[in-house]
Amino acid sequence: MSDQRLFAAALLDPDAPCPAGLIAWNGSDPARRFAVYRNNVVVSLIDALADTFPVTLELVGEEFFRAMAGVFVRIAPPGSVLLVEYGAGFPDFIERFEPARSVPYLADVARLERLRVRAFHAADADPISPERIARALANPERLPTLRVTCHPSLSVLRSDYAVASLWAAHQGHGDLAQVDPFVPESALVVRVGLDVQVIALPSGGDALAAGLADGLPLGQAAALALAASEDFDLTAQLAMLLRVGALTALAQPTET
Amino acid sequence: MSKSLTSTALSATALSLALSTALSLAAAPASAADHQEKCYGVAMKGKNDCAAGPGTTCAGTSKTDHQGSAWKYVPKGSCEKTASPTSPTGFGQLAAFKEKKT
Amino acid sequence: MTMQFSHGSSARGAPVRRTHPDGLPDRAGLGLKPQHFAEILATGPDLGFFEIHAENYLVAGGPFHHYLRRIRDRYPLSIHGVGLSIGAEGPLDATHLDRLAALLDRYEPQSFSEHLAWSTHGGAFFNDLLPLPYNLATLNRVCDHVGQVQERLRRRILLENPATYVEFAASTLDEAAFITEVVRRTGCGLLLDVNNAYVSGVNHHRDPQAYIAALPLSEVGEIHLAGFAEDRDAAGAPLLIDTHGAPIAAAVWELYAFALERLGPTPTLIERDNDIPPLPVLVAEARCAERWIGSARPDRLEVSA
């Protein structure tokens, strides 16, 4: 077995012995010195998760979060040197993590925070110009088959819990004591300029945004949204998507 | 347009009306925007402007990780402050879990 | 093994550092931190350069590139890799090298540097700079990897001396000799981290001045300065940890002055990655480094010699 393989295994396993062949000038136990590396690795990765999931941390408290993150780090160290990608599997881990079962919405709040980081670093794209939309409107009969490209930062999170309100209450928007976590909510995550926004979607709004993001034609996505809710306000939701720059291109599929 | 698409898609007229109205609404100042929409950023906390998730550094840490072999933690954070901290479906038995831990 | 050095003479000769006209200016710079982006653009602090960690900018778009583009338009840039894992037993990550090459093409930095360390194994990334035994097997591997990096990036890189907490029974060379040989074989330059030299000197009970004097100083392209934290080993001896989380220690400033006497003016980075203070605090540390750089100019040395 290679030296680095042994060293690496011992970094993540607190019960593993200190790797052989390490020495100190004064003959002191090298395990104490090796512990510095062990600690650097685990603490820095827990810190990385704490950076990505600050509301998740607040919900369960720092002690619980860091202990939970420590379990995750040892099971699933980063598979990429790009730490910004680290933690993609953390929400699923939380969902299965028995001691967190008393906070059933924790995993979805973590999913929302992960989508925010993803949105923050997503590619840049300009919103569709009003002129381009005006041109599409000049051929109304072709609007149902129009396909829309969404901003690379856009994603939709559908939850059985009040994810958007829970997250917002931790940013100073609204009173956490008034939030019932067990009310289903959907959230749109999108970067507007340089800021990532979390937008609570009304019933049907999730179907529209997710449908467009999945590449459905405009008419089909709108029909799905209306099927989800009789009260669905298509105009308001399209206006919102345009206002935040969530739509970046229009295309008419070539006639078949 | 294919028949199957027509049956599941919204009419061209309805779409045209919605999109043209949306276009003018979107161009209106934000104050006139739909007020039922709840939109949250992180502007409340200035230092979070660049909340970007984790970054690499080339530094070590002086913080210490206390790894215990037995799990002894319970969620003790803002989850206890929500309007209904326990689940109607029986998940959220914080108190019961706390009792079990010792 | 323990290392023996004869103490270097403190006599001042002419500065030995080879300078590169396209390199970083002989001034002080700061690590670029997102919390300072907007303030840097608004106030334009008088600094020699900024340095970024490459891996933080290997993202598609958004604020990091928005601000870096604007800051790069106004300042020289150093790109410092933390994830190439040049000392790894496994092969270099070709995908990562490609991404780095694209980042360098995009921002055309005056300098690119990496570490004499490893940080990946078996597909896992440990986010720490892990130590190497200094022997022939490591030397061959490190030289191969440095050569591959320089070929792919089509430029000379600077290799940074590490801060370490353990030594290896399998080492057959001392660290300065090892680095000297890597520089000789690959033609790479040296990023002299004075804090690392001090931290490792204390941790391994060796004289940091003698260590620096034994390095190939003519090939130094940049200096790093940072703060450390103090711990103890199992025998109670001081064990310094390279945290980049504190102001630069007085002993490190002294060692910096010692290095500058030999090098002449050298681009110097103030590194702060943890407990990051307001920008003016870091700018003040950079000013302090610039005073030392100023006093290391050859004309000044002649006057004082």
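Above this text sits the structure in question.
Everything numeric here is computed off the predicted structure, so don't read it as measured data.

Caption draft 1: Main features of the overall build of chain A. Of the regular secondary structure elements, chain A holds 11 helices and 6 strands. Since a compact globule built from 256 residues should have a radius of gyration of about 18 Å, the 23 Å found for chain A marks it as more spread out than a globular shape. Referenced to the eigenvectors of the C-alpha coordinate spread, the extents of chain A come out at roughly 85 × 45 × 30 Å. With 256 residues in all, chain A has 62% of them scored as buried. For chain A, the proportion of contacts with a sequence separation of at least 24, taken over those separated by at least 6, is 67%. Summed over its atoms, the accessible surface of chain A is roughly 9,500 Å², and 51% of this surface lies on carbon and sulfur atoms. Both charge centroids of chain A, one from 19 positive and one from 30 negative side chains, sit 7 Å from each other.

Caption draft 2: Quick peek at the interface of chain C and chain B. Tallying the contact residues gives 21 residues for chain C and 10 residues for chain B. Taking both sides of the interface into account, the surface hidden between chain C and chain B amounts to around 1,200 Å²; carbon and sulfur atoms contribute 62%. Joining chain C to chain B, the criterion identifies 0 salt bridges. Counting across the interface, chain C meets chain B through 1 residue pair in polar contact (both at pLDDT 80 or more).

Caption draft 3: Summary view of the sheet that holds strand 9 (residues 189–193) of chain C. With parallel pairing, 8 strands are arranged side by side around a closed barrel as 1-2-3-4-7-9-10-13 (chain C). Taken pair by pair, the neighbouring strands of this sheet meet at an average axis angle of 30 degrees, ignoring direction.

Caption draft 4: The arrangement of the interface of chain B and chain A in detail. Between chain B and chain A, the residue contacts involve 62 residues of the former and 81 residues of the latter. Taken together, both faces of the contact between chain B and chain A bury some 6,100 Å²; the carbon and sulfur share is 67%. At the boundary of chain B and chain A, one finds 2 salt bridges. For the salt bridge of Asp65(B) with Arg74(A), the shortest nitrogen-to-oxygen distance reads 2.7 Å. Inspection of the region where chain B meets chain A yields 12 residue pairs in polar contact (both at pLDDT 80 or more). Of all the secondary-structure elements, those providing two or more residues to the side of chain B that touches chain A are helix 1 (3–8), helix 2 (12–27), strand 1 (38–40) and helix 3 (94–101) of chain B. For the side of chain B that touches chain A, the element with the highest residue contribution is helix 2 of chain B, accounting for 11 residues. Residue classes in the side of chain B that touches chain A are distributed as 32 nonpolar, 21 polar and 9 charged.

Caption draft 5: Geometry of the sheet that holds strand 5 (residues 195–201) of chain A. With respect to topology, 4 strands assemble into an open sheet ordered 3(A)-4(A)-5(A)-1(B), the strand pairing being antiparallel. The two strands at the open ends of the sheet, each matched to only one other strand, are strand 3 (155–159) of chain A together with strand 1 of chain B. Shown here is a sheet whose adjacent strand axes are inclined to one another by a mean of 25 degrees, direction ignored. Here 5 bridges tie strand 3 of chain A to strand 4 (residues 185–192) of chain A, and the two strands are oriented antiparallel to one another. From the neighbouring strand, Leu157(A) faces strand 4 of chain A, where its bridge partner is Ala187(A).

Caption draft 6: The environment of Ala18(B), seen in detail. Residues and elements named next belong to chain B. The topology assignment puts Ala 18 in helix 2. What makes Ala 18 buried here is its relative accessible area of 5%. Ala 18 sits 65 residues away from Ala 83 along the chain, and the two C-alpha atoms are 37 Å apart.

About the criteria used
Residues numbered from 1 in each chain as written. Chains lettered and ligands numbered in written order. Predicted model: local features only at pLDDT ≥ 70, side-chain atom pairs only at ≥ 80, totals over all residues. Heavy atoms only, no water. Helix = DSSP H or I, 4+ residues; strand = E, 2+ residues; numbered from the N terminus. Rg over C-alpha atoms; globule rule 2.2 N^0.38 Å. Buried < 20%, exposed > 50% of the residue type's maximum accessible area, 1.4 Å probe, protein only. Contact = heavy atoms within 4.5 Å. Areas by Shrake-Rupley, 256 points an atom, 1.4 Å probe, with all protein chains shown as cover. Lys, Arg positive; Asp, Glu negative; His and termini not counted. Charge placed at Lys NZ, Arg CZ, Asp CG, Glu CD. Buried area = accessible area lost by both parts, 1.4 Å probe. Salt bridge = Lys/Arg side-chain N within 4 Å of Asp/Glu carboxyl O. Polar contact = N/O pair within 3.5 Å; in protein donor to acceptor, adjacent residues only side chain to side chain. Pairing = 2+ DSSP bridges. Axes fitted to C-alpha atoms, helices over the stretch in contact; angles between N-to-C directions. Nonpolar A, V, L, I, M, F, W, Y, C, P; charged D, E, K, R; others polar.

The analysis is restricted to geometry; functional conclusions fall outside its scope.
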